Amino acid sequence: MNHQPAMTADRREAVSRAASAVVRLQVEPSVREAAKDLNRIVNDPERDDWDAWEAVRGLEHTVLTLGLATWEDLDYDRQRLAYRALTGD
């Protein structure tokens with residue numbers, strides 16, 4: 001039986017942010033598979049937090065570059081996720 005360490009709050013934030021970016025990127029066929037690959041890095045418990053956050057940065061950069069969201073949109077998502085984490089919603 002493989003024991004997986006508990007996911008840190010920081011890693012949970014990375015997973016949530018990556019998931020939000022991947023959803024946005026699904027409308028753009030040219031980056032769909034690359035987005036899924038980066039999301040797998042974020043969700044891989046064998047990868048360290050540095051790799052996960054690099055993948056999140058890449059995903060969010062792509063979202064911004066393609067004009068699928070603004071910095072304000074991403075900031076709103078971060079605030080919403082933080083609120084959900086605090087309230088358990």
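Please refer to the structure higher up on the page.
Residues numbered from 1 in each chain as written. Predicted model: local features only at pLDDT ≥ 70, side-chain atom pairs only at ≥ 80, totals over all residues. Heavy atoms only, no water.

The subject of this paragraph is the pattern of salt bridges. For the coordinates displayed, the defined rule picks out 10 salt bridges. Ionic pairing is found between E33 and K36, a salt bridge with its closest N-O pair at 3.8 Å. Linking E33 with K36, this pair stays in helix α2 (residues 32-43), spanning 3 residues, or about one helical turn. A residue is classified by how much of its surface remains accessible, and K36, at 33% relative accessible area, is partly exposed. Notably, a salt bridge pairs D37 with R40, separated by 2.3 Å at the nearest N-O pair. With D37 and R40 both in helix α2 and 3 residues apart, this pair spans about one turn of that helix. Here the residues in one salt-bridge network are E13, R17, E60 and R78, joined through shared partners. (Salt bridge = Lys/Arg side-chain N within 4 Å of Asp/Glu carboxyl O. Helix = DSSP H or I, 4+ residues; strand = E, 2+ residues; numbered from the N terminus. Buried < 20%, exposed > 50% of the residue type's maximum accessible area, 1.4 Å probe, protein only.)

Moving on, we come to the side chain of R17. Structurally, R17 can be placed in helix α1 (residues 9-25). Contact partners of R17, with chain neighbours within four places excluded, come to W53, V56, E60, R78 and L81. (Contact = heavy atoms within 4.5 Å.)

Scope: geometric values only; no functional claims are made or implied.
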